[in-house]
Amino acid sequence: MTLILSNDDVEKLLTMPECIAVMEEAYVELAEGRGVNRTRSDCITPTSRPDAIYGLKSMDGVIPKLGIGAIRINSDIVTFPKKGNNVRREKVAAAPGGRYTGLVLLFSTENGEPLAIMPDGVMQRMRVGAANGLGAKYLARKDAKTVAILGTGWQAGAQLMAACAVRDIKSIRCFSPNEDHRNAFATEMSGKLGVEVAPVPQPEDAINGADIVMCASNSLDNIFFERWMVPGVHLTSIKQPEIEVKALRRADRIALHYHEESPIHVSTKDLALAKTANEQSWSMSKEIDFDKMPTLPDLIMGVAEGRQSDQRSRAF
């Protein structure tokens, strides 16, 4: 029987510690060649809104050890507004009822039957959080107690869940340029985590004295800069442009979640908005050779070294 699940169902059933554990297992299967996944592909066209594009995105993978094959499909209306100094990538909840459209389909590798169909919203949020949770597990100081988060949107909440799942976090400070957003986020996440989340008016107010700094925004421009680098701090991001290249070059150790090719983008002719956004999103890969950097599977399997010291003066 195929399960039809809602986002509420997924949220009730999937905990962050469980997600981190299964992600750790899946990364090993991929690294050992027993699991497979396909390069993400995006078909991009105009839509009726002059300030937006339509994107049809898909990706899939199979982990035979778990008996599961999965495909994720997104049908998105996307805008690229400039707010302050930053260009942002913002999905529009344009489907009836003010909804986003994304689905995950699970299949059995034993008999091919569909096992479950569910929205991708909560699932992909937990997955992104779990990846950075694994990064913190292997690279953050074991005595890390304080987290700073830049961004207070949908993805940011799961980043904090993951940090709290792998370290004994005692305090959190959050920054967003939108005061109402950061205040609401702080209230919501304080209740969910049982840890005080304090909203602050400037990014420096969040970062100063933090053991872990997390970037979780929809910005296509830098939000964390070299001048904020401090020895011993563990730094994470959910997309390439968030951290300034100069900051990355100062890090003692960098790990990617996985070596993967840039998405396959197919777009209609002369769609300037999509071309500009794509170049801005992936331009960092031209400045830094990510192919030579270790990945989360390397850390998990001991192929690459994680943090070598809990001394504040030794590692980033």
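The rules behind these values
Per chain, residues are indexed from 1 in the order of the written sequence. The predicted origin of the model limits local features to residues at a pLDDT of at least 70 and limits the giving and counting of side-chain atom pairs to 80 or more, whereas totals for whole chains, interfaces and linings rest on all residues. By convention in this description, side-chain values take in all heavy atoms of the structure and omit both hydrogens and water. In this analysis, rings of Phe, Tyr and Trp, with Trp reduced to its six-membered ring, are considered paired at centre separations within 6.5 Å, and the interplanar angle assigns stacked below 30 degrees, edge-to-face beyond 60, and tilted for intermediate values. Definition used: whenever NZ (Lys) or CZ (Arg) falls within 6 Å of the ring centre and also within 35 degrees of the ring normal, the charge is taken to sit over that ring. Comment: elements are numbered from the N terminus, with helices defined as DSSP H or I runs of at least four residues and strands as E runs of at least two. All axes here are fitted lines through C-alpha atoms, helices being fitted over the stretch that makes contact, and every angle between N-to-C directions spans 0 to 180 degrees. Comment on the angle field: the value is read as roughly parallel under 35 degrees, roughly antiparallel over 145, roughly perpendicular from 65 to 115, and oblique elsewhere. Here, residues are in contact when the closest pair of their heavy atoms is within 4.5 Å. Residue polarity is assigned by list, with Asp, Glu, Lys and Arg as charged and Ala, Val, Leu, Ile, Met, Phe, Trp, Tyr, Cys and Pro as nonpolar; anything else, Gly included, falls into the polar class. Exposed residues in this analysis have more than 50% of their type's maximum accessible area, buried residues have under 20%, and partly exposed residues fall in between, with area computed by a 1.4 Å probe over protein chains only. Strand pairing requires that DSSP identify at least two bridges connecting the strands. The hand of a helix crossing depends on one turn: near helix anticlockwise from the far one by less than a right angle means left-handed, and clockwise means right-handed. Charged-residue counts in this description rest on Lys and Arg as positive and Asp and Glu as negative, His and the chain ends being excluded. Only one rule defines a salt bridge in this text: a Lys or Arg side-chain nitrogen within 4 Å of an Asp or Glu carboxyl oxygen. Within 3.5 Å is the distance limit for a polar contact, defined as a pair of N or O atoms, with the added protein rule that one can donate a hydrogen and the other accept it, and that residues adjacent in sequence qualify only through two side-chain atoms.

> Can you walk me through the packing of aromatic side chains in this structure?
What characterises a pair of aromatic rings is the spacing of the ring centres plus the angle enclosed by the ring planes. In total, this model carries 2 aromatic pairs according to the counting rule given. The interplanar angle of 75° and the centroid separation of 5.6 Å between the aromatic rings of phenylalanine 224 and tryptophan 228 together place this pair among those described as edge-to-face. Relative to tryptophan 228, the ring of phenylalanine 225 lies with its centre 5.4 Å away and its plane at 75°, an arrangement referred to as edge-to-face. Among the aromatic residues, those joined into a ring-pair cluster are Phe224, Phe225 and Trp228. The residue whose ring lies beneath arginine 125 is tryptophan 154, and the NZ or CZ to ring-centre distance is 4.3 Å.

> Mind showing me how you'd approach the environment of glutamate 32 here?
Relative to the assigned elements, glutamate 32 resides in the loop between α2 (16–31) and β2 (36–37). In sequence terms glutamate 32 and alanine 140 are 108 residues apart; their C-alpha atoms lie 25 Å from each other.

> I keep staring at the packing of α2 against helix α4 (residues 154–166) and nothing clicks. Help me out?
Angle between the axes and distance between the axes are the two parameters that describe a pair of packed helices. Running from N to C, α2 and α4 cross one another at 80°; their axes reach a closest spacing of 9 Å. By the angle between their directions, the pair α2 and α4 is classed as roughly perpendicular. In this structure, α2 uses Met16, Pro17 and Ile20 to contact α4, whose residues at the interface are Ala158, Met161, Ala162, Ala165 and Val166. Residue composition of the contact of α2 with α4, grouped by class: 8 nonpolar, no polar and no charged.

> I tried to follow the side chain of asparagine 86 on my own but got confused; where do I start?
Here asparagine 86 lies in strand β7 (residues 86–87). Given the relative accessible area of 19%, asparagine 86 is considered buried.

> When you look at the pairing of strand β5 (residues 68–79) in this model, what are you seeing that I'm missing?
Here strand β4 (residues 52–63) pairs with β5 via 12 bridges, running antiparallel. Bridge pairing in β5 links serine 58 to isoleucine 73. Adjacent in sequence and paired antiparallel, β4 and β5 are bridged by 4 residues, among which glycine 67 carries a positive phi angle near 70°.

> Can you help me understand the packing of α4 against helix α5 (residues 179–193) in this one?
Closest axis-to-axis distance for the α4/α5 pair is 11 Å, and the angle between their directions is 35°. The chirality of how α4 crosses α5 is right-handed. Between α4 and α5, the contacting residues are Ala156, Gly157, Leu160, Met161 and Cys164 on the first element and Phe185, Met189 and Leu193 on the second. Partitioned by chemical class, the residues of the contact of α4 with α5 number 7 nonpolar, 1 polar and no charged.

> Can you help me understand the side chain of arginine 173 in this one?
Within the secondary structure layout, arginine 173 lies in strand β12 (residues 171–175). In this structure arginine 173 is buried but unpaired, with aspartate 205 as the nearest side chain of opposite charge at 7.8 Å. Here the side chain of arginine 173 touches alanine 206 through a polar contact of 3.0 Å, landing on its backbone oxygen. In terms of polar contacts, arginine 173 uses its side chain to reach the backbone carbonyl oxygen of asparagine 208, at 2.6 Å. Setting aside chain neighbours within four positions, we find arginine 173 in contact with Thr146, Val147, Ala148, Ile149, Ala198, Val200, Asp205, Ala206, Ile207, Asn208, Gly209 and Ala210.

> Looking at this structure, I do not really get the sheet that holds strand β15 (residues 234–236). What am I missing?
Within a sheet, each strand pairs with its neighbour through backbone hydrogen bonds, oriented either parallel or antiparallel. Taking strand neighbours across the sheet as the criterion, the 5 strands line up as β13-β12-β11-β14-β15 in an open arrangement whose pairing is parallel. Looking at strand neighbours, the two that pair on one side only are β13 (196–200) and β15, the edges of this open sheet. Each strand axis lies, on average, 20° off the axis of its neighbour in the sheet, ignoring direction. With 5 bridges connecting them, strand β11 (residues 146–150) and β12 associate as parallel partners. Each bridged residue has a counterpart across the sheet, and for leucine 150 the counterpart in β12 is phenylalanine 175. In the packing of α4 onto the sheet, the strands contacted are β11, β12, β14 (212–215) and β15, and the crossing angle to β11 comes to about 165°.

> Would you take a moment to explain the environment of phenylalanine 107 for this structure?
With respect to the helices, strands and loops of the structure, phenylalanine 107 is situated in strand β9 (residues 101–108). The class for phenylalanine 107 is partly exposed, based on a relative accessible area of 30%. Taking C-alpha positions, phenylalanine 107 is 8.7 Å from isoleucine 71, a pair spaced 36 residues apart along the chain. Among residues more than four places away in sequence, those in contact with phenylalanine 107 are Gly67, Ile68, Gly69, Ile71, Gly112, Glu113, Pro114 and Leu115.

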